[in-house]
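So you can see what is in the structure, the chains are spelled out below.
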Amino acid sequence: MDKDKNNFENLPADWDGRSLDDPDLLGCVVDLFVRHADRQAGSLLALLANEELRLVQPVMIDDIPVGCDQVRQHEVTHRLTQIVGQVCPGGGLALAVARRGMVVQTHWDLGWRSALALACQDNGVVDLGCYLATPAGVVRLDDSAAAA
């Protein structure tokens, strides 16, 4: 996990025209959109992408506890993928869990990763990955949790 490379200052000038299927680029985009206050309060960032996997809309959700149970994680990710499927058929979705603490994956963080993978599969949405954003940095969550 290299939290230092996922910094908005590393974004290329044309980042907004590029596909979000590049994990390094996406990590920097997450860092750009997740403010320090979001990391302190605990939030969930959804990055909706079109069929070319370019960013269409970032959505910050601050009324869902990032440490919520798996049922709630699945409800949220399924609803988000349904929205992407309706608004951007063939599009993709990335999530970022914003919370306090160190850049260490917890079972709640990995629960979001797993829920995203399942929801994308169920709703025909491209799974662009899940990230953890804390005041200490941004890392991509372990994709092996997607298979769990």
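Before any of the text, the structure's been laid out above.
Residues numbered from 1 in each chain as written. Predicted model: local features only at pLDDT ≥ 70, side-chain atom pairs only at ≥ 80, totals over all residues. Heavy atoms only, no water.

**As for the pattern of salt bridges**
Link 1 in the chain: Going through the model one piece at a time under the given rule, you end up with eight salt bridges.
Link 2 in the chain: In this structure, D24 and K5 form a salt bridge, with 2.8 Å as the shortest nitrogen-oxygen distance. With D24 in helix α1 (residues 23-33) and K5 in the segment before α1, the pair connects residues that are 19 residues apart, well separated along the chain.
Link 3 in the chain: Since its relative accessible area comes to 39%, D24 is described here as partly exposed.
Link 4 in the chain: The class for K5 is partly exposed, based on a relative accessible area of 36%.
Link 5 in the chain: Note that R18 and D14 form a salt bridge whose closest N and O atoms lie 2.9 Å from each other.
Link 6 in the chain: Its relative accessible area of 37% is what places R18 among the partly exposed residues.
Link 7 in the chain: For D14, a relative accessible area of 40% corresponds to the partly exposed category. (Salt bridge = Lys/Arg side-chain N within 4 Å of Asp/Glu carboxyl O. Helix = DSSP H or I, 4+ residues; strand = E, 2+ residues; numbered from the N terminus. Buried < 20%, exposed > 50% of the residue type's maximum accessible area, 1.4 Å probe, protein only.)

**Considerations on the nonpolar core**
Link 1 in the chain: Core analysis: the largest hydrophobic core is formed by 22 residues, its most contacted members being L44, L80, L93, L95, V97, W112 and C130.
Link 2 in the chain: Those elements that provide at least two residues to this core are β1 (43-49), α3 (70-87), β3 (92-98), α4 (107-123) and β4 (126-134).
Link 3 in the chain: In this structure, V30, L45, A94 and Y131 belong to the second largest nonpolar core, which totals 20 residues. (Core = buried A, V, L, I, M, F, W, Y, C linked by side-chain atoms within 4.5 Å.)

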